[in-house]
Amino acid sequence: MKEKELKEMFEGKKESAPAVPKQVFRLHRRLFLLVFAVAVLLQSVTFVNMRLNNYYKELDTSFKVLLTVSGQTDNEQLEQMGESLNQKEDIVSVRLFSPQDALEAVRRQNPQLTEALLLMGKNKMPAYFELKLNYKAINNIRPFVDNLAAEYPGLQPHYNADHARLLFYTGLCAKLLNLAVLFGLLLFLAFMFLVEAYPSNQARAHYLGGAVSGVLAGVASGAFFAVLVYPTGFLAAAVSQFTTPGRQLLLLAFCGLFGWTLSKWQKF
């Protein structure tokens, strides 16, 4: 009887399933480092993108083509010239400045120069048209202005060719950078889709720790850049120059989703 009981006890222990260790929440160090590296690169691209766009806007705002009126021209002829210029598709806007308006504009920017002009006489300050051009005309600034000079013999063009060239290439670089960033994000999304679409043999495919590690990596990348700009002494002003709250929220969402996807991939 005892032998039978011992045999049953032995077989029962043999057939019992091994104890499965309980899943404990943990952070993923290798996953954190990978997402942190990607987040630092995205922060860098965000910084360059914002500064490049701001620089392009400043160049575009300050670039103008001036057409000074030579000789005596009455107001009716000036209005006809302005309407004719405004109808051209490559010209965004046209403004006419009388000698008094031109003198006042110079006074706001450089009072000392205004005094010198007054000594020369107000008749030395001609009326002029101020033109804002579109991106296509800026790319071909020299032939475009030459055609204007040939079409309007009474107008003398003045512009900065180096400014126009810098404006064009800065805008081109900003557009190429935006396209490259968009394409890179699409590749990341394609990678996440392929990982999510692949069936997992494990009972638990994702881990919350992966998403948390990704978000922490995004926060760490922001702190890293804050440390970089802190020596300037103007942290709030400097931060506003390279990022925005909306961009940071999108970056944290991306890092969390990326960490969540990597927790299923587990190839690191």
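Our structure's up above, just so we're on the same page.
Residues numbered from 1 in each chain as written. Predicted model: local features only at pLDDT ≥ 70, side-chain atom pairs only at ≥ 80, totals over all residues. Heavy atoms only, no water.

*Asks:* Describe the sheet that holds strand β1 (residues 65-69), and please don't skip the residues or the numbers.
*Replies:* The strands making up a sheet are joined through hydrogen bonds of the backbone, oriented either antiparallel or parallel. A sheet is described by the order of its strands in space; here four strands give the open sequence β2-β3-β1-β4, paired in antiparallel fashion. Because the sheet does not close on itself, it has two edges, and the strands there are β2 (91-97) and β4 (155-158). Between one strand axis and the next, the sheet turns by 20° as a mean value, whatever way the strands run. Looking at chain direction, β1 and strand β3 (residues 128-133) are connected through four bridges and run antiparallel. (Pairing = 2+ DSSP bridges. Helix = DSSP H or I, 4+ residues; strand = E, 2+ residues; numbered from the N terminus. Axes fitted to C-alpha atoms, helices over the stretch in contact; angles between N-to-C directions.)

*Asks:* Help me get a handle on helix α2 (residues 29-62), residues and values and all.
*Replies:* With 34 residues, α2 ought to run about 50 Å at 1.5 Å a step, and its terminal C-alpha atoms sit 49 Å apart, in line with that. Those residues of α2 lying buried are Leu31, Val35, Val38, Ala39, Val40, Leu42, Gln43, Thr46, Asn49, Met50 and Leu59. (Expected span 1.5 Å × (residues − 1). Buried < 20%, exposed > 50% of the residue type's maximum accessible area, 1.4 Å probe, protein only.)

*Asks:* So what's going on with the side chain of Thr261? Which residues, and what values?
*Replies:* Take Thr261: it is sitting in helix α11 (residues 245-265). Looking at Thr261, the relative accessible area reads 0%, which means it is buried. In this view, Thr261 contacts Met192, Val195 and Glu196; residues no more than four positions away in its chain are not counted. (Contact = heavy atoms within 4.5 Å.)

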